[in-house]
Every structure is written in structure tokens, then in C-alpha cells.
Amino acid sequence: MKLIVLTIGVVGLFAVSLFSFSYYSLASTVIASDHDQEGKSSQVDQTLQDQKQSTQEPDELIEEPDQEQEPSDQEEEIIEEEEEETVQIADPLYIWNKGMYYFNDKFYFWLLKPVTQGYSAVFPEGVRLSISNFYQNITTPIRFVNNLLQLKMKSAGNELLRLVLNTTFGVAGLGDFAKDKMDIKRHDEDLGQTFGHYGIGHGFYIVWPILGPSSLRDTVGYVGDLFLHPVSYITPIETAVGIDAHDKVNETSFHIGDYEDIIKAAVDPYISIRDAYVQHRKKKVEE
Amino acid sequence: MLLETSARTKKVKMRVENKSKGASMKKVLIGFHLIIFFILPLSLYAGVPQNTVEGHVNNVLNVLRDPAMKGDKAKKAKKEKVRAISEKMFDFNELSRRTLAMNWKNLNPDQQKEFIDLYKDILEDAYMDRIMSYSDEKVVFSKEIMLSDDTAEVQSNIITKKAEIPIYYRVILKDGNWRVYDVIIEGVSLIKNYRTQFRDILANKSPEELLKVLRKKVGKA
């Protein structure tokens, strides 16, 4: 029962976020896939926790003789150090997420990738780069406000300056004058990161169709950021969706092959992408 | 930063020792000289991790850029050269142990040995093509941070037309050599990413079954 209610809620949220197909910086890793093996329970993290504890206990109780060349203390230290740094995310929607992950994999290989390849064949890299700059420029409000919310005044100021410089000297944002000529770089901040900055955790992991990996926190942030996204205010909705689809394809054109590499490297691609998402977002929040 | 704190703890330790022994001013002076003596070699080391990693990376780039090596035949030779450099650059033993972390002890010595070999194959399969597809992007090394007395993080950026991709190398000092045990790309640590995957497998399966999965992955089943 609970699951049904949750699923309905999640579908509702999805309907809201479908207004815009915007991208993440992990553009190509965003789409999830499976090629090797099947995952296990929906309570992956629960099992992980249990396992962690069960392996920890005997170590503490019995001081077994060390089998390796390295001294035991050092070994323990390394393991502790590494274990401390391991980041986890709850995955109660595992079944939904895995389904979406299959969907996104097919979406990428059957639709997004061929469309993007055709698109790239028509538009040379320079043009696509300009288009990418243009889309980055119009989303300045999102970065500006979130830098402000995190009290990063200098970064907020830089975003404003970038908007002015790139809109004028960069010719309507098609060029990145501020970065190329004045070394003023973009400061990626979104509402999800702002929440994280103030200590709010992910909640749990969610994979959205097309949009890809997210979490409860980052999804709320994403929807919030849409209010600052100029494209959200374009009517009719079909036009807005069309623009966002173009944005997504254009962005993907720089990342063809990345997703394939990730699957190729992974022993369990679903877990690999989930972990990469959490680690990447953690870094973004810390920056 | 870390250097400073370790120096500070040393100072504090020194002071405490001296006090407890009821040391004279002379002893304190000797203590300070010792501190300087200990700190100097440390500060001389700073820079060595970065130089080591940078050297290896430049060697790889030189192989890739070599104009004399083109075509399919040369590609194989190139791969061999890159492989040889990576053997020197990485500490696969350390990398494997840290990847499995808590689970490392659950493998017997034979399994550990096989694990290291299979893991190395997986990484090679995964990254060799990527390295070979390199097309003159600029690699810039920015700085190094000492994480402890014998570990450091060397930070670099790959600059493409589209963006800058931060790549950090974690290195460890063993037998006078700094070798890489982790690579962190855009905040995603290689060993942590694999740790999560292996842990998930080992949650319900034996180490032998994990090895079976890995053998299948590299086509050695």
C-alpha cells in the first residue's frame, strides 16, 4: 500500500519536473543502465549497514593474528580511514529506480544518442559550444540567487558580472567573454546544493525518467530552481519543452561516449552510477 | 595545512616530554633543533608527489603524441608502453586493499592475489580506450596537498574546449616511491565507487563468487 502511495507521489512530482528537461553537470552519466547483473533487495543500504556491523564486531572482540606483511595497526588505520569516507544513500524506491534506470538506458541508446549524433553531424562543435554558452547565460538567475543564499557574495557578484559581460561583449551570451578574456569563471550552484550547504541531507535516491539520478533534496531543489529558469515562463508549454529538449541534446553532444565508458568500467552499473551521483553532489556542495 | 598541524603536534609532544622529564633550557633548545631537523626533510618532500605523478602523466602523453607511432600496429605498441608506465605509476596492491577496505580480510591470500590481478584488468579495460582516444587536451597540474606523512593528493585539471575536468591523484609513499592508489574525477573517487559495488556483491555472496563475477567481467571465466 505504502509503495503505491509513494509511487503516485513520485509520479506527481515527475509531472511537475517534466516541464523542463534541463541537464545536470553529469549530463551523460545521468542516464542509467544495466548490462551485467541483477541487484538484490530494495533495502541495499540496510544490508550494507548490517554487514558493516557484523564484520566490525569480530575485529573488535578477537585480535586475530595478522596474515599479511603489513603491521596490523596500520592496516586497521587505513581501513577505518577509508570506511569513514564512504558515503551512502538510502534507496527505498529501489524497484522504481531500477525500472527508470532501464528506461533511461533504452532512452539513451535508442533515442537520445542517435538524435544527438545526427545533430552533431549538422552543427559543428563551435556552433554547439556557442549554443551551450547561450543556455548557460540565461540560467544565470539560478546560480546568482543560490550563491546569494549561501552567502557567497563574491561568486554571486561574478555571476552578475558574467551576465553583463557575456550578454554584451559575448554577443547575447553566445561567447564566454568573461571566462576567455577576463578569467571570471562560472560558479555552479543550485537549490539542491544550497540545501546541502545548510546541512540538509539527500533523503533518499530517486531516478527520474529522462532527467536521471536525483535525490529527494535535489528534486525539490530542481523544481524550486525552475521558477528562476526563464524557459519555464515560455508559453505554450510545447515550445518550452522543445527548447529544453534542444538544450539537452546540445549538451549531450559533448558527452557522447561518457555514459558508455561508465557502464564498461562498472561491475554493477546501477550501483556505480548511484554512488557517483552521491560523491559528485557531495563535492559540489562542499565547493 | 597538514604539514603545519603535524609540526605543531610534534612541537607539543616535544614540550610535554621535556616538561615531564623536568628538562633544562638546553634540552628545550635541543628539542627545537630536532623539530627543525624533522621538519626540513618533510618540506623538501613537498613537491615530490606532484613531480612524480606529473612525470608519469607526461610520459603517457608523450607516448600518445608520438608522431612516429600511428596506425593500428603502433596502437598495440602504444598500449604496451602505457601499460608499462601505469605499472610504475600505480600501487595496485594498495589500491585493491583500500577498495575492499573492511572486506579485504575476508579474502584469503590467494583470493587477494587473484583479486588484485582481476581488478587491474578491469581498470585497464575500462580506461585504456579512453586514454588512447586522447586528442591533445591540455593537462595542468595545480597543486599538492599532504594528507598525512606518507600520503598526498596531487591536483590536476584536464582542459577541454567545453570545460575543465578536475582529476586528483592520491599517492602513497612506499620504499621511497610515491605511487597512486586512487584517482578522483570530478569528486568521484575510483576506489570508493568500486567499493560500493563490491560491498553490494559481498553482502550476499562469498569472496569466491565475487571473483567469479570479476572473471566473467574480464572474460576469464
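Everything numeric in this text was worked out from a predicted model, so none of it was measured.

1. Looking at the overall build of chain A
For chain A, the count of helices and strands is 13 helices and two strands. With 287 residues in all, chain A has 36% of them scored as buried. Within chain A, contacts between residues at least 6 apart in sequence are counted, and of these 76% link residues at least 24 apart.

2. Remarks on the confidence of the model for chain B
Residues and elements named next belong to chain B. Chain-level statistics for chain B give a pLDDT mean of 83 and a share of 79% at 70 or above. Predicted confidence is poor over residues 41–46, with pLDDT under 50, and the contacts of this stretch with residues over four places away or in other chains come to three contacts. Interface predicted TM-score (ipTM) for the complex: 0.75; the corresponding pTM is 0.75.

3. A few points about the nonpolar core
Formed by 53 residues in total, the largest nonpolar core has its most connected members in A:I206, B:V154, B:Y169, B:V171, B:V180 and B:F198. Beyond its immediate chain neighbours, meaning those up to four positions away, B:F198 contacts B:T99, B:L100, B:N103 and B:L210.

4. Examining the interface of chain B and chain A
Counting residues at the interface gives 25 residues for chain B and 31 residues for chain A. For the side of chain B that touches chain A, the secondary-structure elements that each account for two or more residues are α5 (92–100), α6 (109–132), β5 (188–189), α7 (190–204) and α8 (207–218) of chain B. With nine residues, the single largest contributor to the side of chain B that touches chain A is α7(B). Per-class residue counts for the side of chain B that touches chain A are eight nonpolar, six polar and eleven charged.

5. So, the environment of A:L211
Mapped onto the elements of the fold, A:L211 is located in the loop between β1 (205–208) and β2 (212–215). Residues A:L211 and A:N104 lie 107 residues apart in sequence; the distance between their C-alpha atoms is 8.5 Å.

6. A short note on the sheet that holds β5(B)
Residue and element names in this part refer to chain B. Strands sit in the order β1-β2-β3-β4-β5 across an open sheet of five strands; the sheet is antiparallel. Since the sheet does not close on itself, it has two edges, and those belong to β1 (138–146) and β5, each with one partner. Across nine bridges, strand β2 (residues 151–159) lies against strand β3 (residues 164–174) in antiparallel orientation. Paired with E153 across the strands is R170, a residue of β3.

Quick notes on the rules
- Residues numbered from 1 in each chain as written.
- Chains lettered and ligands numbered in written order.
- Predicted model: local features only at pLDDT ≥ 70, side-chain atom pairs only at ≥ 80, totals over all residues.
- Helix = DSSP H or I, 4+ residues; strand = E, 2+ residues; numbered from the N terminus.
- Buried ≥ 20, exposed ≤ 12 C-beta atoms within 10 Å, placed from the backbone.
- Contact = placed C-beta atoms within 7 Å.
- pLDDT = per-residue confidence, 0-100.
- Core = buried A, V, L, I, M, F, W, Y, C linked by C-beta atoms within 7 Å.
- Nonpolar A, V, L, I, M, F, W, Y, C, P; charged D, E, K, R; others polar.
- Pairing = 2+ DSSP bridges.

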